[in-house]
Each structure stands twice: as C-alpha cells, then as structure tokens.
Amino acid sequence: MSLPFLPGLSSNKHLWKEKFHKSQHFDVSNGVSMMVGSDKPGIGGEPLSGHNIKPKYSVYPRGRGSQLPSWVAFDKQVLCFEAFFEQTVPQSRDENLRIRKCRIFFFPEDDTIKVVEPHVKNSGIPQGTLLRRQRVPLPPPNQQLFYNVYHLNIDQQVELYSHTFTITSCDAFTRKFLTRLGPNGLGVQLNEPTSAPDDPYTHLRQQMEDSMNPLRPYERQDTLRQFVDNDRVVLRFFCVWDDTESEAGELRELVLNYFLSDDTVEIRHVHAPNSGRDHVSKFLRRCRLPKNCVSIVKQPGQITQRTVLNVIDSQTRGKRFILDNLKTGAEDEEFYKDRDLTVGGEINVFGRRIVITDCDDFTKHFYRSKYAIDDFTPVPYKAPVARPAPRAPQAPQAPPPHTGFGSEEDSLSWCQSLLPKAPHKDFRKFMEKDRRGLDSNVLTFRARMETNDPADAEREFVVSFYLSDDSISVFERAQRNSGVVGGKFLERGRVKKPGQDPFQSDPFEYFSAQDLFVGASLCLNKHSFSLLEADDYTCNYMERHEDQFPKSNVSNILSKLRSLPVEKQSEMKKFLTLSDPNNTGVISYHCFRNLLLGLDCGLSEHEVLVLGRSVCECDQSEDNVALVLAVVQDLLRKKLFEDFHHMTRACTHRDRHRSGRLSTSEMRTVCKSCRLPLPESLLSALIHSFSVTDEIDFHAFIAAINWLENPAPAVTPDLSTKFEVNMRTDCGADVMKNINYSSLLGDVVSLPSDNSDTTTTTTTTTTTTTTTADASE
C-alpha cells in the first residue's frame, strides 16, 4: 500500500531539509588540481560517510550554575610541566646523544601546547621556543583528535610531531589543578616526580672549564650592586678643622659628605657671613680618602688594582702583556669606610686633623639601623657667647599721612619695604561673595538725594553694594522731562566715610554692608543719599545673615518691643484693636508702620520693614496674575517661542514621583534650559504666581503661558504701564498689604483685656489717632 506524497506521510529524509549547499573539496594549487577539503562536510553541512569530525571544544571541568565558556573560565591559567627529550649526535666522537631539558606549557582555555627550552650558556644549539602555541594532534592512528588535559601526566611520554618528550614533574599550580576533586575538579591521579638523566657531554665540558687556568685571568669586581642599592644615598657629617696654629688661623667649619654608592668622600667649606675669606666651595674634591697618608703623593696610575707583566718585547713581534695572577708587587691601601666615621672621631685628610662634631638625622638613622649606634652626642667646639643686654622695646613707628595720590594700601606698601609689592586683596572673600548663578551677592537700594533743591530732590537713584570687595556704585534712573540725563552717577569703588582727616596717619574707614539699610543716610563723596527701599533679594539676604546685620534680626526687634513700658504696650494693643473693627486679626501695612513709628519705640525704618515681612500675609490677586500672564504671552509671541511640547517633556522627565508638580528651583531650571525668552524679574514674578508651598503644577504653568492654545487678552499701553509700576514698587515678588498682628501681639503684648473705663479708652484712642496722624504727615 503506497502513501500519498504529503508532509508527514513520506519517509524521504530530504523532505524537511532547507540547506542544500555543497562544500568546496577541490582546488588548484600551483597549477596542480588537488583535494583540499577532506575535513569539510557534505551537502547541507551533513557529514559524509566515514568522516570523522575533529572536536572543536576543550575538555575542562564543568562549573556550577551556568556553564561558562572555557576562554572565560580558564583565562590566564597555564599548566607547566618539566620534561626532556633525547637528541642523537651521530657525527661526534665525544657524545652519542644529548639530553635536552625543556618545559611544556598547556593552556586549558583552548587545549593549545607550547614547548620552550631554557637557554644554556655556550651550548652551541639554537634554543628557545621549540614548538609555538598550537593544538597538537595525537599520533596515528588518532591523528584526527588533539591532546587535552587528560593526556599529560608525570613519568609518561608524550609524542609531539614525532618528538618524544618525557614528563618529569610539574609546578604546584598544575598539581593542584589536576588533582582537585569535587564537581569543579578533574580528579587526575598524578605519578611520582622523576629526575632527568644526566648528560655525559655536559659533565665533560664542566670538568674542562674547572681545570682551565687561563693566561689572562679576569678578575671580576662587581660594583654595580653597590651602586644600584646606594645610589643618591649620602651621609652628611658636620666637622671642624683647628687651624689656629697657623698665621691668621681659626676654627674652620666643614661639611663632610660620604657617598655610599662608591665609598667616596667630599668636604665643603661653611662660609660665615663677613668672614673675609675667598668663597671656595670645596675643601676636598670627591675621591676615596686614604687612612694613612704618605709624604709623597703617588702619581696617577702608580697605584692600580691589577699588575701587568711584560712577557715579550721584541721589535719584530711587538709587545705582549699578561696579568699577574700572583699579584706580586701589589700595594694594599686602606681607605675610609662608613664604619670609620663616628661623631667625636677624628679623620686624617692628607695631614689635616679634622674632628667630626655632629651629623644629620638621616645619618643617625642609618647608623642606628646598621651598626646599632645610639650615642650621637654633639661635640662642643665653640666658646659660649655672652648675650647682650636686651634692648628696650621700641615704639612702633607710625606711617606718614596719606598724600591723597593713589590708594591708601598702595602708598602704605612703599613705606613698609624698599621693593614694594602689590597690596593683597581678600581673595577668599572674593570667591565666596562673587556672583554664582542667580545669587548675585549685591545689595540694592532705591535712594533719593537729600537736598533743598526741588529739582534734585525728585531724582531717583539705585545704590548697589558689592559684598565681594565692599565697593559701592550709584546709578541714576532716567526720568522723562526731568532735564537730567540718567546713567552712571558714581563709579564702582570703595567709599570713605565722611568726617575723616584726608591726611591722617591711621587707616581710613570705609562704608561696610552694615552701614546700608532702609532709612539710612549715606554721604558718598559729599552727596547725601537717603535709602528708601530695598529689593527682595537684599531683604532676604540680610534676614538670612541676621548675625551680620543686627537691624534684620527679628529676635532683637521683638526684644525692643517687649522692653517697652506697659502703657505703650497697652496703647499699641488698643490701636490695633480699633484698626480692625471686624476682628479679622489683619491690618494694612501702612497702619502698622505708622503705629510703630508714632509710638517712638526706637525702631528704624528697616527694622519696621523686617518686622512687617515676618508677620505679613502676601496678597496675590487674580488681576495681578492675569496681568503677568498677559505680559508674558505678549513677550513670547513677539519672540516666536513655540517650544511648549519640549518644556512638557523636560518637566515630565524631572517629575520622578509622577505627581505633576515640581519645585520652584527645578521649574526655573527647566525654563532656563528651554531658553524661555523672559527677563529675570518677569520670570520670578511668573513662578511666584503659580507657586504653592514652594511647588508648581507644571501642566497648569505651561498651559497658562501657551499663547497658541490659551491666548490671553492683548496687552494695552495702560496695562504695560501698570505692570511696570507694580514691578517697580513691589519689594520683590511679594506685596506687603496685610499684617497679621494677632501673632505679633502674642509675642510682645502680655496684658489682659481691659474693659474698665470707656472714657479712658476713648481718650487714649484719640491721642493715639492724633499721634499717628502727625506721624503720617
């Protein structure tokens, strides 16, 4: 019964086969056709009949867990075996065979073998790498297989390309690698180590070398070891030479340097100031110092370490020389070593007696560690010098008065040194108080000129104090139809306080940051200014650093109010109660300011401002928010800013908690990174309009400024003028309109409610109202 020729019903093995490519088995090499693909598979990659496939992977122990490849598991691991092989020497009468020792390196990562023969001196045989690293096939009839780790063992022979090697031993790592048991080990049982047989010809050559007596013996003097170990190691001693017996002689101080690298000595002079002697640096040049100095100094070459004998001297054959092996006539001369130099000892420097008095700390440590010497007591050689009577302390000389030319610091440097240097500035203060991003470290105040001239009284100025170098600059705002051109009024620089003598010897006093506050009067170069307001950054900076600005310390201000008499505290409480008929606990800032200034509490204008900021309630009306959005959209429309989608993605990327809200600092960073074309003041007002507990809903923020989808009303000239006025009069982004006096009363006033006499209350209230009205006028 035959089955239909359908998938699943046929016995044809090629039915589901997809690859039918053929391997290239024949090729032409040097014009000869030959078979080159005996190891290649058949059609579709299937092995041919009788085809033995060579293994492609190494034999290595399986690891626990995931199976790592061999090139990772056995990276930088090599098995080392000691071996030898015999080499026949047929054409020599002295030897028949030669024993050549070598090392077999096996690499488990890919089953490769490398054979290296160590170099032997004067062997006359090319030695080194006998077999490069490669996979070595087994001898026939298993030539299709390769050597692996199980084929190598001690006291066994290994045939590598028809050369028989006998393994004698292995190193400790190889033994541990092969004999390790367990799931990660091979568990191979190694044989006992054996020794390689002796080479008879090597013994013969060694006997010949030992019996040789050369006519020119070479005396090896190994000084390299001493130089390498002690190079740049110098022992320093302090010495003295008594030369008082000679005419105009004296005690001469010397410094002896002993060089351990070659046992040489160098002696240098120590020249005292105003000694009257010529400046000769060296007392003795660097050389080996003999202990016993003879009267007649021998010439160079007269003392040598070797003796040369003249054997033949003929005119026809020339001269022949050999070294004297018996060293007849050699002179042994002793030189100073490091063991001969001690503190308190004497040395003979070519007939001059020199005493070692002291040494440095390194020399002491050297002798303490090498010779166990601990006594380094210095030798006194100077007579005690009588100290003169102490002089009476001299009064400090006052510098001359400043001439008025140049700066005071530069003129003072000329009085302190003949070679004056540029005056040093406080660089640390400059780095700490310099501008850092949005932190400008500049205190800005709005001021007016104190003058009787009505034209100058209406001029507005901006006084800036730079905290980095305590400099002041004054800028005048331009006003329409004023007849005065605005611009720079005072160049930036330090300003002296008024009332100082221009030619005084004491240092001048300059204006500091503590001298500037709201209500202060400054005299800058004979022009008086009254500081009226401060911007929001200035107020915040002074309040953060209240220890440096006492007038911005709220605790000090409350202490002044608590120290008021009980009558004034009661009067203040009654005035606050009458100013709030609805009992809301909130009054206007102007009433609050008039009350504190009218009660004569000893508070300045700046202290009242700081106290009001601490208890104020920020009033953010919807009209102001709409006005800010209208101005922002108008400016974005003019700058053609439409990248709102990019801002949304940036905000979403920063919102890690997926709450839809970002902090004000992160929102400002996103606006800066997206290059939102808004000035700093307008951007601050916009961020403040949407901030709630220092967080912003960035979806509502971006939707509000998107003039493409949510256009705001057009900005008219009246709205622009109103916005400019609000930005100019606001103390930063907040507008102090309402003061929460209830919290202030709880901190200052501690009186019970008084309902005793209505007449007294009315009289007191009338008096307070009159006083407040006068203060307001």
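Counting starts from 1 at the beginning of each chain's written sequence and moves along it residue by residue. Note on the predicted model: pLDDT of at least 70 is required for a residue's local features to be given, and 80 or more for side-chain atom pairs to be given and counted; whole-chain, interface and lining totals, by contrast, use all residues. Note that water and hydrogens are dropped before the side-chain values are worked out from all heavy atoms of the structure.

Asker: Pulling in residues and values, what's your account of helix H16 (residues 664–673)?
Answerer: Relative accessibility under 20% of the residue-type maximum defines a buried residue, over 50% an exposed one, and the middle range a partly exposed one, all with a 1.4 Å probe and only protein chains included. Each helix is a run of DSSP H or I of at least 4 residues and each strand a run of E of at least 2, with the numbering of both proceeding from the N terminus. Buried within H16 we find Met667, Arg668, Val670 and Cys671. End-on view of H16: buried residues confined to an arc of 160 degrees, all on one side of the axis. The contact criterion used is simple: two residues touch if any of their non-hydrogen atoms lie within 4.5 Å. Packing partners of the buried residues in H16 comprise helix H15 (644–654), strand S25 (661–663), helix H17 (680–690), strand S26 (695–697) and helix H18 (698–705). A positive backbone phi angle near 60 degrees is found at Arg675, which sits one or two residues after H16. Think of the arc as the fan of directions from the helix axis to the C-beta atoms.

Asker: Please provide a residue-by-residue account of the packing of aromatic side chains, values included.
Answerer: Centres within 6.5 Å are what make two rings of Phe, Tyr or Trp a pair, Trp counting through its six-membered ring; a difference in plane orientation under 30 degrees is then read as stacked, over 60 as edge-to-face, and the rest as tilted. Evaluated as defined, the whole model comprises 15 aromatic pairs. Note on Trp241 and Phe283: the rings are 5.4 Å apart at their centroids and 55 degrees apart in plane angle, and the pair reads as tilted. Of this pair, Trp241 sits in strand S9 (residues 234–242) while Phe283 sits in strand S12 (residues 282–287), and the two are 42 residues apart along the sequence. Residues Trp241 and Phe283 agree in their burial class; the two are buried.

Asker: Could you give an account of the pairing of strand S22 (residues 527–534), naming the residues involved and the relevant values?
Answerer: The pairing criterion for strands is at least two bridges between them, as found by DSSP. Sheet analysis places strand S17 (residues 442–449) next to S22, joined by five bridges and oriented antiparallel. Paired with Ala447 across the two strands is Leu531, which belongs to S22. Here strand S21 (residues 521–524) pairs with S22 via four bridges, running antiparallel. Bridged to Leu522 within S22 is Phe529. Linking S21 back to S22 in an antiparallel pair, the connection comprises two residues, with Asn525 at a positive phi of about 55 degrees.

Asker: Explain the confidence of the model for the protein chain to me, and be specific about the residues and the numbers.
Answerer: Each residue carries a pLDDT score, the predictor's own confidence in it, on a scale running from 0 to 100. In the predicted model, the protein chain carries a mean pLDDT of 82, and the fraction of residues at 70 or more is 82%. A low-confidence stretch, residues 61–66 stays under pLDDT 50, and its non-local contacts, those more than four residues away or across chains, total ten contacts. Contacts from residues 728–734, a stretch scored under 50 in pLDDT, to residues over four places away or in other chains number 14 contacts.

Asker: Outline the sheet that holds strand S4 (residues 97–107), supporting the account with residue identities and numerical values.
Answerer: Strand order in the open sheet formed by six strands is S6-S5-S4-S3-S8-S7, and the pairing between neighbours is antiparallel. The sheet is open, and its two edges are formed by strand S6 (128–134) and strand S7 (157–160), each paired on a single side. If you compare each strand with its neighbour and ignore which way they point, the axes differ by 30 degrees on average. In terms of strand pairing, strand S3 (residues 79–88) meets strand S8 (residues 163–170) through four bridges, oriented antiparallel. Bridge pairing in S8 places Glu82 opposite Ser169. Fitted lines through C-alpha atoms serve as axes, helices being fitted only where they are in contact, and the angles separating the N-to-C directions of these axes extend from 0 to 180 degrees. Packing of helix H2 (residues 172–179) onto the sheet brings it into contact with S3 and S8, and relative to S3 it is tilted by some 110 degrees.

Asker: Describe in detail the sheet that holds strand S19 (residues 471–476), supporting the description with residues and values.
Answerer: A sheet is described by the order of its strands in space; here six strands give the open sequence S20-S19-S18-S17-S22-S21, paired in antiparallel fashion. Two strands lie at the open edges of the sheet, namely strand S20 (487–493) and S21, each paired on one side alone. Across the sheet, the axes of successive neighbouring strands diverge by a mean angle of 30 degrees, strand direction being ignored. Against the sheet, helix H9 (residues 536–544) engages S17 and S22, with an angle of about 120 degrees to S17.

Asker: Got a sec to walk through the nonpolar core? Specific residues and values, please.
Answerer: Leu443, Leu524, Leu531, Leu561, Phe592, Leu596 and Leu611 are the most contacted members of the largest nonpolar core, which has 53 residues in total. Sequence-distant contacts of Phe592, defined by excluding residues within four places in its chain, comprise Ile587, Val608, Leu611, Gly612, Ile739 and Leu744. Take the buried residues of types Ala, Val, Leu, Ile, Met, Phe, Trp, Tyr and Cys, join any two whose side-chain atoms come within 4.5 Å, and each joined set is a nonpolar core. In terms of nonpolar packing, the next biggest core, distinct from the first, is built from 31 residues, Leu629, Leu682, Phe690 and Ile702 among them.

Asker: Describe in detail the state of the cysteines, supporting the description with residues and values.
Answerer: When the sulfur atoms of two cysteines share a covalent bond, that bond is a disulfide. In this description, the term disulfide denotes a pair of cysteine sulfurs within 2.5 Å. Per the stated rule, a full pass over the model turns up zero disulfides. Free cysteine: Cys671, not disulfide-bonded; nearest cysteine sulfur from Cys651 at 7.1 Å.

Asker: Describe the pairing of strand S11 (residues 264–269), and please don't skip the residues or the numbers.
Answerer: Within S11, five of the six residues are buried, leaving the element largely enclosed by the surrounding structure. In this structure, strand S10 (residues 251–259) lies alongside S11, joined through six bridges in antiparallel fashion. Looking at the pairing, Asn257 lines up with Glu266 of S11. Connecting S10 to the antiparallel partner S11 that follows it, the hairpin turn spans four residues, and Asp263 within it adopts a positive phi of roughly 60 degrees. Here three bridges tie S11 to S12, and the two strands are oriented antiparallel to one another. Its bridge partner being in S12, Arg268 is matched across the sheet by Lys282.

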